[in-house]
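Topology and contacts: notes
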Amino acid sequence: MEIECPHCKTVLSVDGSQAGLVLDCPRCTGRFHVPVPMGKPRVPGTFFGPDSYESDPQVGEFVEKKFSAGICALLFGMFGLHKFLLGLHNAGLIMLAVSLSGVVLTPCLLVPIFGPFIMWTIGLIEGIIYLSKSEDQFYQDYAIQRRQWF
Ligand SMILES: [Zn+2]
């Protein structure tokens, strides 16, 4: 089957047995997810379109988190909850540690208040980014590329 690399737009022919795997594009070395076909003919270039989600439960499951992660980031972003939701544990732990240590240390020193404030700002921005991304872009960035920040 033929799919389009989401990074460099090169049309690649992929063996059917590679469906569901994450591949490196030979042209630009970008990583992407090969969709699992479900009998339905796929329109070239739209393999991340709405049709492909139902054929791949893993993608659908992840994309369903887009809204809850976005809301989580807007409300509790400074504690990194939205990162844990997406499985980005390292970034989540950093946010949680910075925010908690800021809350604990601020009564003694004045400076650490900036830590939680910065984390809160990051959470707010990430929430807006999550909610405004398209579902295919969201999946590409956080499930495949495992982007930790923004
Ligand atoms: Zn490519």
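Below is a summary of the structure that appears in this document. (Residues numbered from 1 in each chain as written. Predicted model: local features only at pLDDT ≥ 70, side-chain atom pairs only at ≥ 80, totals over all residues. Heavy atoms only, no water.)

1. Some details on the coordination of the zinc ion
Reference values for angles at a metal are 109.5 degrees in the four-donor tetrahedral case and 90 or 180 degrees in the six-donor octahedral case. Those donors, Cys-5 (SG), Cys-8 (SG), Cys-25 (SG) and Cys-28 (SG), are the protein atoms that reach the zinc ion, and they lie 2.2 to 2.3 Å from it. Seen from the zinc ion, its four donor atoms lie at angles of 106 to 113 degrees, and the figure they make is tetrahedral. Within one chain, the residues serving as donors to the zinc ion are arranged as C-x2-C-x16-C-x2-C. Residue Cys-5 is found in the loop between strand S1 (2–4) and strand S2 (11–13), and its partner Cys-25 is found in the loop between strand S3 (22–24) and strand S4 (31–33); the two are separated by 20 residues along the sequence. On the basis of relative accessibility, which here comes to 0%, the residue Cys-5 falls in the buried class. (Donors = N, O, S within 2.8 Å, 3.2 Å for Na, K, Ca; no water. Tetrahedral: all angles 85-135°; square planar, octahedral: opposite > 155°, others 65-115°. Helix = DSSP H or I, 4+ residues; strand = E, 2+ residues; numbered from the N terminus. Buried < 20%, exposed > 50% of the residue type's maximum accessible area, 1.4 Å probe, protein only.)

2. Quick notes on the packing of aromatic side chains
Summed over all chains, the structure comprises six aromatic pairs. Note on Phe-62 and Tyr-139: the rings are 5.8 Å apart at their centroids and 85 degrees apart in plane angle, and the pair reads as edge-to-face. Of this pair, Phe-62 sits in helix H2 (residues 57–76) while Tyr-139 sits in helix H6 (residues 135–144); the two residues are 77 residues apart in sequence, bridging distant segments of the chain. Accessibility expressed as a relative area gives 9% for Phe-62, which makes it buried. Aromatic side chains Tyr-130 and Tyr-142 sit 4.9 Å apart centroid to centroid with 70 degrees between the ring planes, which places their arrangement in the edge-to-face category. Of this pair, Tyr-130 sits in helix H5 (residues 114–132) while Tyr-142 is found in helix H6, placing the two residues 12 residues apart along the sequence. Counting every residue linked through ring pairs, the aromatic cluster contains Phe-62, Tyr-130, Phe-138, Tyr-139 and Tyr-142. (Phe/Tyr/Trp six-rings, centres within 6.5 Å; stacked < 30°, edge-to-face > 60°.)

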